[in-house]
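# Descriptive structure summary
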Amino acid sequence: MTALGAVFRPQLPPERLRAVARAADDAGLEELWLWEDCFLEGGISAAAAALAWTERVRVGVGLLPVPLRNVAVTAMEAATLHRMFPGRAILGVGHGVQDWMGQVGARAESPVTLLREHLDALRALLRGERVSTDGRYVKLDGVALDWPPTGTPEVLVGATGPRTLRLSGAAADGTILTAATAPEGVRRARQLIDEGRESAGRTGHHRVVVYLHTATGPDAAARLRAEIEAGGEEPVPEHGVAGDAGTVAKAVRRLADAGADTVVLQPTADEPDPEGFVRFAATEVRPLLS
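Cut-offs applied
- Residues numbered from 1 in each chain as written.
- Predicted model: local features only at pLDDT ≥ 70, side-chain atom pairs only at ≥ 80, totals over all residues.
- Heavy atoms only, no water.
- Axes fitted to C-alpha atoms, helices over the stretch in contact; angles between N-to-C directions.
- Helix = DSSP H or I, 4+ residues; strand = E, 2+ residues; numbered from the N terminus.
- Parallel < 35°, antiparallel > 145°, perpendicular 65-115°, else oblique.
- Left-handed = near helix turned anticlockwise from the far one by under 90°.
- Contact = heavy atoms within 4.5 Å.

### Observations concerning the packing of helix 3 (residues 71-84) against helix 5 (residues 111-126)
One way to put it is that helix 3 packs onto helix 5 with a least axis distance of 9 Å and a crossing angle of 40°. By the angle between their axes, helix 3 is oblique relative to helix 5. The handedness of the crossing between helix 3 and helix 5 comes out as right-handed. For the pair helix 3 and helix 5, the contacting residues are Val71, Ala72, Thr74, Ala75, Ala78 and Ala79 in the first and His118, Ala121, Leu122, Leu125 and Leu126 in the second.

### Comments concerning unusual backbone geometry
Residues Cys38 and Phe39 are joined by a peptide bond in cis, for which omega reads 0°. With respect to the helices and strands, the residue Phe39 is situated in the loop between strand 2 (31-34) and helix 2 (43-53). Note the cis peptide between Gly62 and Leu63, where omega equals 20°. Its location among the elements puts Leu63 in strand 3 (residues 58-65). One non-glycine residue with positive phi stands out, namely Asp219, at about 60°. Take Asp219: it is sitting in the loop between strand 9 (207-215) and helix 8 (220-230).

### A few points about the environment of Pro183
Within the secondary structure, Pro183 is located in helix 7 (residues 183-199). Along the chain, Pro183 and Ala251 lie 68 residues apart, while their C-alpha atoms are 9.1 Å from each other. Once residues lying within four places of it in the same chain are set aside, the contact partners of Pro183 are Glu238, Arg254, Leu255 and Ala258.

No statement about biological role is implied by the geometric values presented.
Below is the structure:
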């Protein structure tokens, strides 16, 4: 069964997170996702707070930009969350928006090389291994976590281009796709991910998470169109959904049929009722997907 989630957008002030997280938890939402967008809110700090305020909802960060983070720090923070909140934290990493990386002096000449080195080291550290590596970007000398996770948590990668999708298949446990991804784009991403997995000799399931532009309530269609256009996308069919729970559920099923394991409803930046949105996802849309 496809899991359903919703996004707490960082355009909301951080102090709103508590109420939204608790509403999601009380309503039975499966996953609440957060973003580490520059220069809005920190992903790990927000995730830790959301997990502490709730009892059961899984909290995802999609994604942590690797140019901003030493891999040892990423591993320490990830391990801490996984030990304090077993089975409830989901972490994704990625290139980050290159213009933002340039603003902070962290833009890499080869983002794919950096991501591969970061992924390999991060997953090894989270497995409890002692890691020494002297890569182009990632350099570790006998580093091991004193408190590694008790299990081996999954690490997801945010990906859009073919090279990163193949890399995700080869070196990550799952992939996060943007809300600009229509069902056919999910199918194509699955193909590229599988090519990467085959090249690395990997077997087993690879989780695919897809965001879905979603608007409901008054003026939903107009708000959705404005949101998509503001993001520089064409407001074409299947790049979002506006309407009631039944309409949203049909859009979720289309993505699931194309290969999505989790669909995360992404409200518009001007969503007037963030708490109501997560309740809508959990109590109105979710029952229609069973």
